[in-house]
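# Observations on chain architecture
Next come the chains, spelled out residue by residue.
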Amino acid sequence: MAEKTTINKSAKLKSSYQNLLQEAATLFPKVDQKLLLNIVQFETTYGDWEGSVLLKVVYPAGKDMETKKEWIYKKYQRVSSVEENRTLRFKAIRMYTEEIEKLLSEDSEIEYITGSASLTPSDAYAT
């Protein structure tokens, strides 16, 4: 009987995780799910996490990337670099899920956001 309970618990946990992934994809369809879940994990596990994230913001081909770079600089006081003529890459602090949501709402031209979150700001600057 204990084995059946364990299987049910495992199945429930996996089902809950799949539901979380689906909800994350629905709420943030333009955000890399691994990045999003890492940010959520750090936000909820470490109350003093500083939101250290290396972001890659992808735009449609042909956009004026210099204007986008200026906008990112004004918004986050971070200098971004252009990759592949359509992606801005920059290191951000205080980039929480709410800020990702705000970024997407303020610039509807963003196609996709990816990157990586790290525990400490010094880790973010090592990449």
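Everything in this summary refers to the structure shown in the same document. (Residues numbered from 1 in each chain as written. Predicted model: local features only at pLDDT ≥ 70, side-chain atom pairs only at ≥ 80, totals over all residues. Heavy atoms only, no water.)

Time to look at the nonpolar core. Judged by nonpolar contacts, the single largest core of 25 residues is most densely connected at Val31, Leu35, Val53, Leu55, Ile100, Leu103 and Ile113. Taken together, the elements giving at least two residues each to this core come down to helix H2 (33-45), strand S1 (52-58), helix H3 (65-76), strand S3 (87-92), helix H4 (97-106) and strand S4 (112-118). For this core, the element with the most residues is H2, which contributes 4 residues. Val31 has contacts with Leu36, Ile100, Leu104, Tyr112 and Ile113, leaving out every residue within four places of it along the chain. (Core = buried A, V, L, I, M, F, W, Y, C linked by side-chain atoms within 4.5 Å. Buried < 20%, exposed > 50% of the residue type's maximum accessible area, 1.4 Å probe, protein only. Helix = DSSP H or I, 4+ residues; strand = E, 2+ residues; numbered from the N terminus. Contact = heavy atoms within 4.5 Å.)

Next up on the list: the packing of H3 against H4. At a minimum axis separation of 13 Å, H3 and H4 run at an interaxial angle of 140°. In terms of orientation, H3 and H4 fall into the oblique class. For the element pair H3 and H4, the recorded crossing hand is right-handed. In this structure, H3 uses Trp71, Ile72, Lys75 and Tyr76 to contact H4, whose residues at the interface are Glu99, Lys102, Leu103 and Glu106. The residue inventory of the contact of H3 with H4, partitioned by class, reads 4 nonpolar, no polar and 4 charged. (Axes fitted to C-alpha atoms, helices over the stretch in contact; angles between N-to-C directions. Parallel < 35°, antiparallel > 145°, perpendicular 65-115°, else oblique. Left-handed = near helix turned anticlockwise from the far one by under 90°. Nonpolar A, V, L, I, M, F, W, Y, C, P; charged D, E, K, R; others polar.)

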